[in-house]
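Chain and residue survey
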Amino acid sequence: MFIQTEATPNPATLKFLPGKVVLESGTMDFRSASEAAVSPLAEKLFTIDGVEGVFFGFDFVSITKGNADWQHIKPAILGAIMEHFMSGQSIVKHDEATPTGGEDFDEADAEIVATIKELLDTRVRPAVSQDGGDITFHGYRDGVVYLTMRGACAGCPSATATLKHGIENLLRHFIPDVQEVQQV
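Residues numbered from 1 in each chain as written. Predicted model: local features only at pLDDT ≥ 70, side-chain atom pairs only at ≥ 80, totals over all residues. Heavy atoms only, no water.

Moving on to the overall build of the protein. From N to C terminus, the protein includes four helices and nine strands. When the helices and strands of the protein are read in sequence order from the N terminus, they spell out β-β-β-α-β-β-α-β-α-β-β-α-β. Counting across all 184 residues of the protein, residues that qualify as buried make up 45%. Across the protein, every contact between residues at least 6 apart in sequence was considered, and the portion connecting residues at least 24 apart equals 60%. Surface exposure of the protein reaches about 9,500 Å², of which carbon and sulfur atoms provide 50%. With 14 positive and 26 negative side-chain charges, the protein shows a spacing of 5 Å between the two charge centroids. (Helix = DSSP H or I, 4+ residues; strand = E, 2+ residues; numbered from the N terminus. Buried < 20%, exposed > 50% of the residue type's maximum accessible area, 1.4 Å probe, protein only. Contact = heavy atoms within 4.5 Å. Areas by Shrake-Rupley, 256 points an atom, 1.4 Å probe, with all protein chains shown as cover. Lys, Arg positive; Asp, Glu negative; His and termini not counted. Charge placed at Lys NZ, Arg CZ, Asp CG, Glu CD.)

Right under this line is the structure:
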């Protein structure tokens, strides 16, 4: 098994591509070992000193490190990912339900929200996924779109620029009612 690695815009995060499907649908973001209890792979990755975040996408695993050097922890991460996929274990424990956050918007804005979600799904999320992260809709109130950035995008130095100059401008172009985009 060969696992590719890619740099992300966040220097504290690397993207690992095992050449297999990681999650069939959706994404999962773990910011602590206690959150990782629903995933055998995430649990194993959090046992590696220096790992501070684990994010699963469709075909990748993004790892966020603390003060550790990549050259010291990367071999252990590669080993844990390879061992997990070779064992045939599932990524998520079958009896665990993945929590889903509720969305906050007025039903009168349902058409605007549908357009926002379509733009996010077709134009933004694929690009953000390439960088090892994800961005999801959280809410819309009074012209303000609330988004959640996860994986490599959470804590990324360029996240604010991505939100303000990229996503905000895109949404304002297609939806004149959108005034601002904020991260939750």
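On inspection of all chains with the given rule, the structure shows nine salt bridges. D104 is the salt-bridge partner of R141, the closest N and O atoms lying 2.8 Å from each other. Of this pair, R141 sits in strand 7 (residues 133-141) while D104 is found in strand 6 (residues 104-105), placing the two residues 37 residues apart along the sequence. One connected set of salt bridges, linked through shared partners, spans D121, R125 and D134. (Salt bridge = Lys/Arg side-chain N within 4 Å of Asp/Glu carboxyl O.)

On the basis of which strands lie adjacent, the open sheet formed by five strands has the order 1-2-5-4-3 and antiparallel pairing. Two strands bound the open sheet, and with one partner strand each, they are strand 1 (4-7) and strand 3 (28-30). Adjacent strand axes in the sheet meet at a mean angle of 20° when their direction is disregarded. In the sheet, strand 4 (residues 51-56) pairs with strand 5 (residues 61-65) via five bridges, with the strands oriented antiparallel. Residue pairing for strand 5: V54 is matched across the bridge by I63. This element, helix 2 (residues 70-87), spans strand 1, strand 2 (13-17), strand 4 and strand 5 of the sheet and lies at about 30° to strand 2. (Pairing = 2+ DSSP bridges. Axes fitted to C-alpha atoms, helices over the stretch in contact; angles between N-to-C directions.)

Turning next to helix 2. Here helix 2 is 18 residues long and its end C-alpha atoms lie 25 Å apart, about the 26 Å a rise of 1.5 Å per residue gives. Those residues of helix 2 that sit buried are W70, I73, I77, A80, I81, H84 and F85. Each buried residue of helix 2 lies within a common arc of 120° when the element is viewed along its axis, so the set occupies one face. Residues of helix 2 that are exposed and angled more than 90 degrees away from the buried face: Q71, H72, P75 and M86. Here the buried face of helix 2 lies against strand 2, helix 1 (40-46), strand 4 and strand 5. Positive backbone phi, approximately 80°, marks G88, located one or two places after helix 2. (Expected span 1.5 Å × (residues − 1). Arc of directions from axis to C-beta.)

So, about the pairing of strand 8 (residues 144-151). Burial of strand 8 is extensive: seven of the eight residues sit out of reach of the surface. As defined by bridge partners, strand 7 adjoins strand 8 across eight bridges and the pair is classed as antiparallel. Directly across from T136, in strand 8, lies its bridge partner T148. Note that strand 8 and strand 9 (residues 180-183) share four bridges and pair parallel. Across the sheet, the residue bridging to Y146 is Q182, located in strand 9.

The next subject is the sheet that holds strand 9. One open sheet holds the four strands; their spatial order is 6-7-8-9, and the pairing between them is mixed. Two strands in the sheet have a free side with no partner beyond their single neighbour: strand 6 and strand 9. Along the sheet, helix 3 (residues 110-130) makes contact with strand 6, strand 7 and strand 8, crossing strand 7 at roughly 165°.

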